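Here's the letter readout for the chains.
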Amino acid sequence: MLRRFLSLTLALILVALAAPLRAQSPGTFGYVNVAEALALHPLMARFDIKAGRFELAALGAQGARDRGVLRQELVDRRNALLKQRDTTAKALDELDQTFQKDLGELSDLQARLNALPATARTPLLNEYNRKKGIIDRKYWQRRSELQEDLKLANHSLTELDKETQVLHLTTMEETQKAFKLMLDDVYQAIDAVASHYQVPFIFNSSFAIDRTPAATSFIPENPMKEYLAATLEGTAEDILYKHGKNGRPPMFMTFRAWTGSQRWAFRTCYDPRLDKMFIKGGVNMTPAVVQYVYQRYKVGKLHSEVIQKYLEAEAKNY
C-alpha cells in the first residue's frame, strides 16, 4: 500500500515537472536506481549478507581497526557488563529484603486494625493504606528500574557475544564506512554521467526501498564474489540468458534475484543517500516553508537560523 502511494506520488511529481520542461528538450530529467547500482558495485563481492557486514579487505589495508585492540575492548566491555549485572541482581535481592522489612513494620498497625470492630476501623484503615501505599510505590518503582537495568545488561551481553563472533568482519562503524565509499563512487558516477548527458534533474528510482527483511529465516545468495572471480566464456548474451554448468540458472535470473533482495542486502546501510528521492536538480522549498511558519509563530531569529542551517546540511546528505 505504501509503495503504491509513493509510486502514485512520484508519477504526479513527474507529470508536474514534465509539462514546463518538455518545451526545452525531451531529455530534461533522468533517473538512477541507486540501490541496484550499489548491489552491483564490485565491493559487494566482499559483503557477507548473513551478517550484513563486509570482509575487512573491503576497506583496504589500513581501513579496519587492529583486531587485537578491538578484541581486548570487547573483553573489557564484557567484564564491565558482567559486573554491572551482578551488582543489579544484588540490588534486587536487597530491595526485596527491604520491602519485606518495611511491610513487617506495619504489623503492629495491622494488629491494632484487626482488633477493632468493623465500624471503627475507617481512620486506622486509611492510615494503614496510606503507609502501605508509600511502601508499595517505592518498591515497585525501584524494582521496575532495576529489572530494566538487568534486562539491558543481558541484552548488551548478547549483542557483545554476537559482535565477538563476527570479529573477522567489519564492525558496524566500519560497515557504514564501506557503504559510504561505495555510495561516494555511485554519486560521483552520477555527476559524471549527468554532465555528459546534460541532464539537470535526476531522481532515485529506488527511493522507496524497504530495509526490513521480509522473512528473517530467508537468506538470499550474494553472487557478486563468484561472478567477478569467474573466467567468463562466450558472448555476453549467452552468459546472461543461458543456463550455466550443473544446471545453474541463467545469470539474468541470478542478478534479478540479487538486485531484488535489497531488504536483506542493505538492512545495515544507514547512509541516507541510498533512498534519497531527489539526487540532482529541482528546488528544495522545505527551508522556505519552515521559515514561513516560524515567522508566523514569531520564533526567535537565532532559533530560526539554527533550523535553517540544519535543513541546509541535511539536504546535502554528506
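Here the structure is a predicted model, which means the values were calculated and not measured. (Residues numbered from 1 in each chain as written. Predicted model: local features only at pLDDT ≥ 70, side-chain atom pairs only at ≥ 80, totals over all residues. Heavy atoms only, no water.)

### A look at the overall build of the chain
If you tally the helices and strands in the chain, you get 12 helices and five strands. Within the chain, the fraction of its 318 residues that count as buried is 30%. Looking at the chain alone, contacts between residues at least 24 apart form 82% of all its contacts between residues at least 6 apart. For the chain, the exposed area adds up to about 21,300 Å²; of that, 57% sits on carbon and sulfur atoms. (Helix = DSSP H or I, 4+ residues; strand = E, 2+ residues; numbered from the N terminus. Buried < 20%, exposed > 50% of the residue type's maximum accessible area, 1.4 Å probe, protein only. Contact = heavy atoms within 4.5 Å. Areas by Shrake-Rupley, 256 points an atom, 1.4 Å probe, with all protein chains shown as cover.)

### Description of the pattern of salt bridges
For the structure shown, the criterion picks out 16 salt bridges. One salt bridge connects Lys 162 with Glu 159, and the closest N-O pair in it is separated by 3.5 Å. Of this pair, Lys 162 and Glu 159 both sit in helix 5 (residues 122–165), three residues apart, which is roughly one turn of that helix. Note on Lys 162: relative accessible area 46%, which makes it partly exposed. A salt bridge links Asp 238 to Lys 242, with the nearest nitrogen and oxygen atoms 3.7 Å apart. Classification of Asp 238 by relative accessible area gives partly exposed; the value is 31%. Three or more residues are tied together by salt bridges with common partners; here these are Lys 180, Asp 184, Asp 271 and Arg 273. (Salt bridge = Lys/Arg side-chain N within 4 Å of Asp/Glu carboxyl O.)

### A short note on the nonpolar core
Judged by nonpolar contacts, the single largest core of 31 residues is most densely connected at Val 34, Leu 38, Met 44, Phe 54, Phe 179 and Phe 266. When contributions to this core are tallied by element, the ones reaching two or more residues are helix 2 (34–39), helix 6 (172–197), helix 9 (251–259) and helix 10 (262–265). Ranked by residues supplied to this core, first place goes to helix 6 with eight residues. Counting residues in each nonpolar core, the second largest holds 11 residues, with Leu 95, Phe 99, Leu 124 and Ile 135 among its members. (Core = buried A, V, L, I, M, F, W, Y, C linked by side-chain atoms within 4.5 Å.)

### Considerations on the packing of aromatic side chains
As enumerated under the stated definition, the model contains 11 aromatic pairs in all. Where Phe 29 meets Phe 203, the ring centres are 6.5 Å apart and the plane angle is 35 degrees; that geometry is what we call tilted. A residue pair is termed long-range when its members are at least 10 positions apart, and Phe 29 in strand 1 (residues 29–32) and Phe 203 in strand 4 (residues 201–204) qualify at 174 residues. Given the relative accessible area of 30%, Phe 29 is considered partly exposed. Judged by its relative accessible area of 5%, Phe 203 falls in the buried class. Joined through ring pairs, the aromatic side chains of Phe 47, Phe 54, Phe 179 and Phe 266 make up one cluster. Between Arg 273 and the ring centre of Tyr 187, over which it is positioned, the NZ or CZ distance is 5.5 Å. (Phe/Tyr/Trp six-rings, centres within 6.5 Å; stacked < 30°, edge-to-face > 60°. Lys NZ or Arg CZ within 6 Å of the ring centre and 35° of its normal.)

### Comments concerning the confidence of the model for the chain
Mean pLDDT over the chain stands at 84; residues scoring 70 or higher make up 88%. Model confidence for the chain, summarised as mean pLDDT per element, is weakest for helix 1 (residues 2–22) at 44 and strongest for strand 3 (residues 53–54) at 96. Segment residues 1–6: pLDDT under 50, and four contacts once partners within four positions in sequence are set aside and those in other chains are kept. Counted against residues more than four places away or in other chains, residues 8–26, with its pLDDT under 50, gives 10 contacts. (pLDDT = per-residue confidence, 0-100.)

### Section: the sheet that holds strand 1
Pairing is mixed in the open sheet, where three strands are placed in the order 1-4-5. Bordering the open sheet on either side are strand 1 and strand 5 (278–280), each of which pairs with just one other strand. For this sheet, the mean angle separating the axes of adjacent strands, direction not counted, is 30 degrees. In this sheet, strand 4 lies alongside strand 1 in parallel orientation, the contact comprising four bridges. By the bridge assignment for strand 4, Phe 29 is matched with Phe 201. Against the sheet, helix 6 contacts strand 1, strand 4 and strand 5, and its axis sits at roughly 60 degrees relative to strand 5. (Pairing = 2+ DSSP bridges. Axes fitted to C-alpha atoms, helices over the stretch in contact; angles between N-to-C directions.)

### Regarding the side chain of Ser 304
Along the chain, Ser 304 turns up in helix 12 (residues 301–316). For Ser 304, a relative accessible area of 6% corresponds to the buried category. In this view, Ser 304 contacts Gln 291, Tyr 294 and Val 299; residues no more than four positions away in its chain are not counted.

### Some points on unusual backbone geometry
A positive phi is found at Gln 198, a non-glycine position, where the angle reads about 55 degrees. If you trace the backbone, Gln 198 turns up in the loop between helix 6 and strand 4. Exposure remark for Gln 198: the relative accessible area of 67% places this residue in the exposed category. In the Ramachandran plot, Lys 298 falls in the positive-phi region, its phi being about 55 degrees despite a non-glycine side chain. Along the chain, the position of Lys 298 falls in the loop between helix 11 (286–296) and helix 12. Its relative accessible area of 72% is what places Lys 298 among the exposed residues.

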